[in-house]
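# Descriptive structure summary
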Amino acid sequence: MRDIVRGEDEQIDAIVSVIATVQPDILVLQNFDYDYENAALAALASRFGAANVTYPHLFSLRPNTGMPTGLDMDGDGRYGGPRDAQGYGSFSGQGGMAILSRFPFVAHDVLDMSGLLWRDVPNAQLPNIDGRPFPSEQAQMVQRLSSTGHWFVPVSIRADLTLDMLTWYATPPVFDGVEDRNGKRNHDESAFWLRYLEGVFEWSPPEHSFVLVGGANLDVYDGEGRPAALRALLSHPLLQDVSPQSDGGTHYARADGGVNLSHVGNPALDTANWPDGPEGPGNLRVDYILPSVDLNVAGSGVYWPIDDDTVATASRHRLVWVDLTL
């Protein structure tokens, strides 16, 4: 909030520049700290407005990040650390999600599915060591699936036309031990959408055209992780992967070199620029927009211009965009 209002923060200036250039009608932000009255989000929207990108409708819910559990959730024998929360966070709401839109939200139909327990996901890949629940049975009794959140947010494009937004932000499949807690959780955060579209939960699948958009924090070809569930989403009969690309992804994979040179995925699809040394992970495709198959896609891309430091200042992640004709 302080940095947004002061107007002296290079990263925020860069973010505003990127959004002013691309001008999305509906913008999903990730890793944005949550506050109850959306004061920081409103301040950011005001900065966008000053750059002639107006978002009169703002949406955010309390994420699982930083939500206290009172338990040792990462098995280090200590309590109250960032990894002992429902989702990694030093304070409640750190690194949440938000949606800004030119169009109003259908608030009474919003679904927050972030309270679902991990163990209640069919075929959940719960962590264990030597056949024992990790870090404990008690921890798994309260552990939510969503490291940040899983939301269903309808947007009213016209009185007779609703577009349903499904969004999530998964944990990175690293920073753990032999139990692979984060790798398994990352897998199941994507697998949730497979089960949701099958109608196995209490929440009904979308009745309108919909878009699945968010950060899987996973590349199906390169880097660490368990890509089976994400791969199934990309080929799901109800979804279309239009493979947004950029010239910058190809250019910087070659220019950065390192681990990128051993990647097997198409670098034009990359959406994040991470360290390229021997321990990587290098540039990866980890951010996705998957429209339902009934939607007409007029264009798509990853905003990653060559020789433009603005995008690098804004984030390690690049903005992914899809144009829909409704």
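In what follows, the structure referred to is the one given above.
Notes on the structure in this doc start here. For clarity, every value in this text was computed on a predicted model and none was experimentally measured.

### A closer look at the packing of helix α2 (residues 10–22) against helix α3 (residues 39–50)
At a minimum axis distance of 9 Å, the contact between α2 and α3 shows a crossing angle of 55°. In terms of orientation, α2 lies oblique with respect to α3. α3 is crossed by α2, and the crossing has right-handed handedness. Between α2 and α3, the residues in contact are I12, D13, I15, V16 and I19 and L44, R47 and F48, respectively. Each residue belonging to the contact of α2 with α3 can be placed in one class, and the counts come to six nonpolar, no polar and two charged.

### Observations concerning unusual backbone geometry
Cis rather than trans, the peptide bond between F134 and P135 has omega equal to -5°. With respect to the secondary-structure elements, P135 resides in the loop between β6 (132–133) and α4 (137–142). Here G280 and P281 are connected by a cis peptide whose omega angle stands at 10°. Inspection of the secondary structure assignment puts P281 in the loop between β10 (272–273) and β11 (283–284). Phi is positive for D130, which is not a glycine, with a value near 55°. One can find D130 in the loop between β5 (128–129) and β6. Backbone geometry at F175 places phi at a positive 65°, although glycine is not the residue there. Relative to the helices and strands, F175 is located in the loop between β8 (161–169) and α5 (181–198). With a relative accessible area of 59%, F175 lands in the exposed category.

### Thoughts on the environment of V242
Take V242: it is sitting in the loop between α6 (228–234) and α7 (247–256). Judged by relative accessible area, which is 23%, V242 ranks as partly exposed. For V242 and I289, which are 47 residues apart along the polypeptide, the C-alpha to C-alpha distance reads 8.3 Å.

### Quick look at the pattern of salt bridges
Opposite charge on two side chains permits pairing when their charged atoms draw close. Evaluation of the coordinates by the stated rule reveals nine salt bridges. Residues D25 and R102 are paired through a salt bridge, measuring 2.6 Å at the closest nitrogen-oxygen approach. Placement of D25 in the loop between α2 and β1 (26–32) and of R102 in the loop between β3 (96–101) and β4 (111–112) is noted, with a sequence separation of 77 residues between them. Look at D25 and you get partly exposed, because its relative accessible area is 35%. Its salt-bridge partner being E137, residue R119 comes within 3.2 Å of it at the nearest N-O pair. Of the two residues, R119 sits in the loop between β4 and β5 while E137 sits in helix α4, which places them 18 residues apart along the sequence. You can call R119 partly exposed: its relative accessible area is 32%. When its relative accessible area of 39% is taken as the criterion, E137 is described as partly exposed.

What counts as what
Throughout, residues of each chain are indexed from 1 in the direction in which the sequence is written. In keeping with the predicted nature of the model, local features appear solely for residues at pLDDT of at least 70, side-chain atom pairs appear and are counted solely at 80 or more, and the whole-chain, interface and lining totals rest on all residues. As a rule here, side-chain values come from all non-hydrogen atoms in the structure, and water together with hydrogens is ignored. Here an axis means a line fitted to C-alpha atoms, over the contact stretch when the element is a helix, while the angle between two N-to-C directions is reported on a 0 to 180 degree scale. In this text, helices come from DSSP runs of H or I with a minimum length of four residues, and strands from runs of E with a minimum of two, each type numbered from the N-terminal end. With respect to orientation, any angle under 35 degrees is reported as roughly parallel, any angle over 145 as roughly antiparallel, any angle of 65 to 115 as roughly perpendicular, and every other angle as oblique. Note: crossing handedness is left-handed where the near helix turns anticlockwise from the far helix by less than a right angle, and right-handed where it turns clockwise. Working rule for contacts: check all heavy atoms of both residues, and any pair within 4.5 Å makes them a contact. All residues other than Ala, Val, Leu, Ile, Met, Phe, Trp, Tyr, Cys, Pro, Asp, Glu, Lys and Arg, Gly among them, are scored as polar; the first ten of these are nonpolar and the last four charged. Buried, partly exposed and exposed residues are distinguished by accessible area as a fraction of the type maximum, computed with a 1.4 Å probe on protein chains only: under 20%, between the cut-offs, and over 50%, respectively. The rule for a salt bridge is simple: a side-chain nitrogen of Lys or Arg has to be within 4 Å of a carboxyl oxygen of Asp or Glu.

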